[in-house]
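Now for the letters of each chain:
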Amino acid sequence: MRRENLKVVLSNQLRNINNVKAKLELAAEVLTVLGTMFDEQAVEILADEIGPTLYRWVDTVPETVNSAFLRALALSRANRRGASAAWERFFTLHAGRDAFHLLAYAQTLTEEQRFEEAARQLRLALTRHVPYAFFPRAEKVIAKVASEDFIFAREVRIAVLSTSTTSLMIPVLKALSLRDRIRAEFYQGLYGAIDQEILDPESGLGKFRPEIVFLIPNWRDLSLPALSPNEKTAITRLLEVQKALWQRLYTQFGCHVVQHAYDLPTEEPLGYLAGSLPGGRSRLIQLINTYMSEEAPSYVSLLDTPAVQRRVGERWEDSMLWCSFKQHPSTEALPDLAEAQQAHLRAVLGLTRKVLVTDLDNTLWKGIIGEDGLEGIQIGPGTAVGEGYQRLQKYLLDLKNRGILLAACSKNNPEDARLPFEKHEHMALRLDDFAAFYANWEDKAQNLRQIAQKLSLGLDSFVFLDDNPLEREWVRSQLPEVAVVDLGPSVFQWVRDLDRGYHFFSLVLSKEDLARSEQYRTESQREIIRTSSHSIEEFLSQLQLEASVVPVSESNLVRVTQLINKTNQFNLTTKRYTEAQVLQFASSLGAWTGAFQLRDRMGNYGLVGVILCKPNSNADEWGIDTWLMSCRALGRQLERFMFDRMMEAAVTRGAKEIKGVFRPTGKNGLVANLYDSLGFRKLHESVEQNIYTIEVPPSPEITATYIRNVSAATREQHS
C-alpha cells in the first residue's frame, strides 16, 4: 500500500473486511508502511475500525511510535488497566505533546484516581492554544479533578452575567481556571437579565455574593440605528446606567467588576462611514467603550472585546448560532475570549507573571554565536530575518521598561554569550537590561531554579522563551509551574506567540513596577556591602536604613493590593483582596492600616510592607488580618519596624491586646516563628492555623534598632 494513498483508502478497506484476522493483518501492514513516521490520522482509523481486540493484538507487533499510540488508544477506549502506562510509553517515543493526547492520558489517570498527576497533564494540555472542541470533551474530567483536594493558588467566587447564552462559556473558564491553579466557583446569571440580577437583593447573584463579576454585553444590546441623531445623548444615557450598576455591585458585594467593552457589528450597511460619520454605529460604539474606560472606578476593569474580535477575525460571529441559540460570540471564538477573561482574573488575584527568561542563540538572534561569530549572526537591518529578531528584542525591552524582569538562560560559553550584547550595533537589548544572566552548559531547568533563587521569586512567576521544542518540553516536564511559550516555526510570529498568552497582563502600572529593574540592579551593590561586612549588624549599619508608614488610602491602593495578592513567602495569613475590598477594610470603623516604605543609601525599595488590623468583638483587642512584606526587604529589620509602629498605634488607640494568626502554606515557612520572635504568646496550635497574642505595654520599646523612622511625627490619621 502506497503511503500517499493510505488515508484515502484505509477506512473503506477496513469497513469492507468482515474477518477480524484479516483486519489485523491489514493493520500490521499499515504500521509497517508507516515505519518511523508518526501518522495520527491513520492510527485513529485503525482504532476506530478494529475496536477493542486491538489492546491484545498490538502487543504482538514491533514497537514504534505508531504502535505505541495505537496501544494507548486501544487500552483507553476499552477502559483496560495499563492505559496510563501505555500513554507514558507513547510520550517517551514521541516528542510532541498534543492537547488531545494529554487529555486522553489525564482521563486514564483520573480513572486510576491519580488526580494530582491528571491535573498536571490537563494543565500541560491547556498551555497550548486549543480549539473549542477540546473543552466539551474535557469537561467531565476537569470537573472531577477540580473537585479533589489540591493546593490552589487562589480561591474565588465568579459571577458571569450576560445578554447572550453563557452555558458554553463556563466550561472553558473552568478549564482555564484549573490550568491557572484557581479554585473557582461560578454563578451563571439568568439569560439576558443583568439588571434584574444586580438590582434584586434576593436574586441568585445576591445569594451567591460574588467576589468577581463578568458583565458581558454585545453590540445588539445598544439597539443603535446605523446612524444615530445625537451621539452625546446616547453616550450620556448609557454611562449613567452603567455606572449605577457598577456602584450597586461594589456597595452590595465589594467585588471587582470585569466590564466587557462592546464588540462591533461584523457587517455595517454604511461601510466606512459607520466608523467616520458622527452618529455612525461603529464610531459610536467605540466612543462608548472609550468613555467607559475613562469613567471606570478602580474596582472596574474594561476587557478590550474589540481587540479579541480582531484577533479572532471572521470566526467571531456565527449568525446561525445567534438566531438559533442566542450564542455570541461563536463557539470558535470562546477560547480566545476566555483567555482575555482569565488575564483579568489573574491580574485581580495577583497571579500576573513577573519574569521572562529567554534563550539566546536562534531565539534573540539568528545563528550560534559560538560557531558563527559576531559577524555571522543575523540581527537588525540587512535581512528580513534579522529585523524579525530585532522586533522581538524591542518587544522584550518594552516589557522590561514596564517592570518585567528579563533573564537569560543559554547553553553557551559565558564570554561568547555576552559578546553580541557588548559589541553588536543592532542589538536592542544590552547586558544591563537583564536582572540575571546565566550562560553555561548546565541543565536549563536547574538554571531556572537558580535564577528564581537569585531573584527571590517563585517559579510560578516565570515565563520561558526558547526556540528549541525539546528544551521547552524538558522545562515543562521538570517545572510545570513555569509558563512555557510555544513558538511557531518563524521568528515573524514569535511576538504574537508571546503576546497571546497575556502572561504579563496588568490592570495598573505602579511606580514600583517601573522601578523594578533598577531596584534589582541596585541589589547587587547591597550584596557587595553584605559580603564585605563582618556581621549582620555592620551590614545594617552601613546601609543607613530609613522607613516610613502611612495609612492605606486611594493614593497607595494599587500597590497595596498588588502586594496583598502577590506576596507568598513573608505573608502570615495569605488572604487575598480586590482593590474594592482593601478600600472597604481601610475605611471600616476602628481599622488601623499601615503601608510601609523602605530606603537605604543605595536607593528606594518602594512600598514593600502592609499591615491591616481591626478591633475584634472586644474593642480593646485588635486582630491582625494581614501582615506581609516583599522579599526584597528581608533581612533589613523591616518586620520589626512594622511591629513597632503597630504597637505605637495600639497604644494611641487604647488597645490592650493584639492577636495574630499564622496560616501555614507551602511557601510561607520563613514566617512560621515570627510571632514567637516578637514576644507573642501562642494560644492555639492546629494544622490549619496558629493563634498568638501579646499585651500592649504603656510604652512599647523600639525593636528595629537599625532603621530610622522618617514617618511624619504622630500622624493624625494614626491617632
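Everything numeric in this text was worked out from a predicted model, so none of it was measured.

1. A look at the overall build of the chain
When helices and strands are counted, the chain shows 31 helices and 18 strands. The C-alpha atoms of the chain give a radius of gyration of 29 Å, which matches the 27 Å a tight globule of 719 residues would have. Once the C-alpha set of the chain is aligned to its principal axes, its extents read approximately 95 × 70 × 60 Å. Burial statistics for the chain: of 719 residues in total, 54% are counted as buried. Of the contacts formed within the chain by residues at least 6 apart in sequence, a portion of 71% connects residues at least 24 apart.

2. Considerations on the nonpolar core
With 87 residues, the main nonpolar core has Leu 46, Trp 57, Leu 70, Trp 87, Phe 134, Phe 135 and Val 160 as its most contacted residues. Each residue touching Trp 57, except ones within four places of it in the same chain, is listed here: Leu 24, Ala 27, Ala 28, Leu 31 and Leu 70.

3. With respect to the sheet that holds strand E8 (residues 434-440)
Pairing within the open sheet is parallel, and its five strands lie in the order E8-E7-E6-E9-E10. Unpaired on one side and paired on the other, E8 and strand E10 (483-484) mark the two borders of the sheet.

4. Overview of the environment of Gln 562
By the secondary structure assignment, Gln 562 is in helix H28 (residues 557-566). A C-alpha to C-alpha distance of 66 Å links Gln 562 and Asn 18, two positions 544 residues apart in sequence. Other than its neighbours up to four places away in sequence, Gln 562 contacts Val 508, Ser 510 and Asp 513.

5. Brief notes about a nonpolar patch on the surface
Nonpolar side chains collect at one region of the surface, where Leu 227, Tyr 272, Leu 273 and Leu 277 lie side by side and expose about 410 Å² of accessible area between them. For Leu 277, the position within the fold is in the loop between helix H14 (273-276) and helix H15 (281-295). Residue Leu 277 is classed as partly exposed on the basis of its relative accessible area of 33%.

6. A closer look at the packing of aromatic side chains
In total, this model carries 25 aromatic pairs according to the counting rule given. With 5.7 Å between their ring centres and 65 degrees between their planes, Trp 365 and Phe 421 make a pair best called edge-to-face. You can see Trp 365 sitting in the loop between strand E6 (355-358) and helix H19 (369-376) and its partner Phe 421 sitting in helix H21 (residues 414-423), a full 56 residues away along the chain. For the residue pair Trp 365 and Phe 421, the accessibility class agrees, reading buried in each case. Between Trp 592 and Trp 622, the aromatic rings sit 6.2 Å apart at their centres with planes inclined by 20 degrees, giving stacked as the arrangement. Residue Trp 592 is located in strand E12 (residues 592-600), and its partner Trp 622 is located in strand E14 (residues 621-629); the two are separated by 30 residues in the primary sequence.

7. Side note on empty space enclosed by the protein
Evaluation of the coordinates by the stated rule reveals two cavities of 30 Å³ or more. The computed volume of the largest cavity comes to approximately 70 Å³. Considering the residues around the largest cavity, the lining is formed by 13 residues, among which Ile 216, Pro 217, Asn 218, His 328 and Pro 329 are closest to the centre. A class-by-class count of the residues in the lining of the largest cavity yields six nonpolar, six polar and one charged. Space inside the second largest cavity adds up to approximately 50 Å³. Surrounding the second largest cavity, Leu 126, Arg 128, His 129, Val 130, Phe 135, Val 172, Leu 176, Pro 335 and Glu 339 form its lining.

8. Brief notes about unusual backbone geometry
Each neighbour pair has its own omega, and for His 328 with Pro 329 the value is -5 degrees, a cis peptide bond. Tracing the sequence through the fold places Pro 329 in the loop between helix H17 (319-325) and helix H18 (334-349). Positive phi, normally seen in glycine, also occurs at Ser 456, with a value near 55 degrees. When you line up the elements, Ser 456 lands in the loop between helix H22 (444-455) and strand E9 (462-465). On the accessibility criterion, Ser 456 (36% relative accessible area) is partly exposed. Backbone geometry at Tyr 502 places phi at a positive 50 degrees, although glycine is not the residue there. Within the secondary structure layout, Tyr 502 lies in the loop between helix H24 (494-499) and helix H25 (511-514). With a relative accessible area of 17%, Tyr 502 lands in the buried category.

Conventions adopted
- Residues numbered from 1 in each chain as written.
- Predicted model: local features only at pLDDT ≥ 70, side-chain atom pairs only at ≥ 80, totals over all residues.
- Heavy atoms only, no water.
- Helix = DSSP H or I, 4+ residues; strand = E, 2+ residues; numbered from the N terminus.
- Rg over C-alpha atoms; globule rule 2.2 N^0.38 Å.
- Buried < 20%, exposed > 50% of the residue type's maximum accessible area, 1.4 Å probe, protein only.
- Contact = heavy atoms within 4.5 Å.
- Core = buried A, V, L, I, M, F, W, Y, C linked by side-chain atoms within 4.5 Å.
- Pairing = 2+ DSSP bridges.
- Patch = residues over 30% accessible without salt bridge, like charges linked within 9 Å, V, L, I, M, F, W, Y side chains within 5 Å.
- Areas by Shrake-Rupley, 256 points an atom, 1.4 Å probe, with all protein chains shown as cover.
- Salt bridge = Lys/Arg side-chain N within 4 Å of Asp/Glu carboxyl O.
- Phe/Tyr/Trp six-rings, centres within 6.5 Å; stacked < 30°, edge-to-face > 60°.
- 1 Å grid on protein atoms, 1.4 Å probe; cavity = no way out; pocket = protein on both sides within 12 Å on 5 of 7 lines; lining within 4 Å.
- Points joined across faces, edges and corners; volume = space filled by probe spheres on them.
- Nonpolar A, V, L, I, M, F, W, Y, C, P; charged D, E, K, R; others polar.

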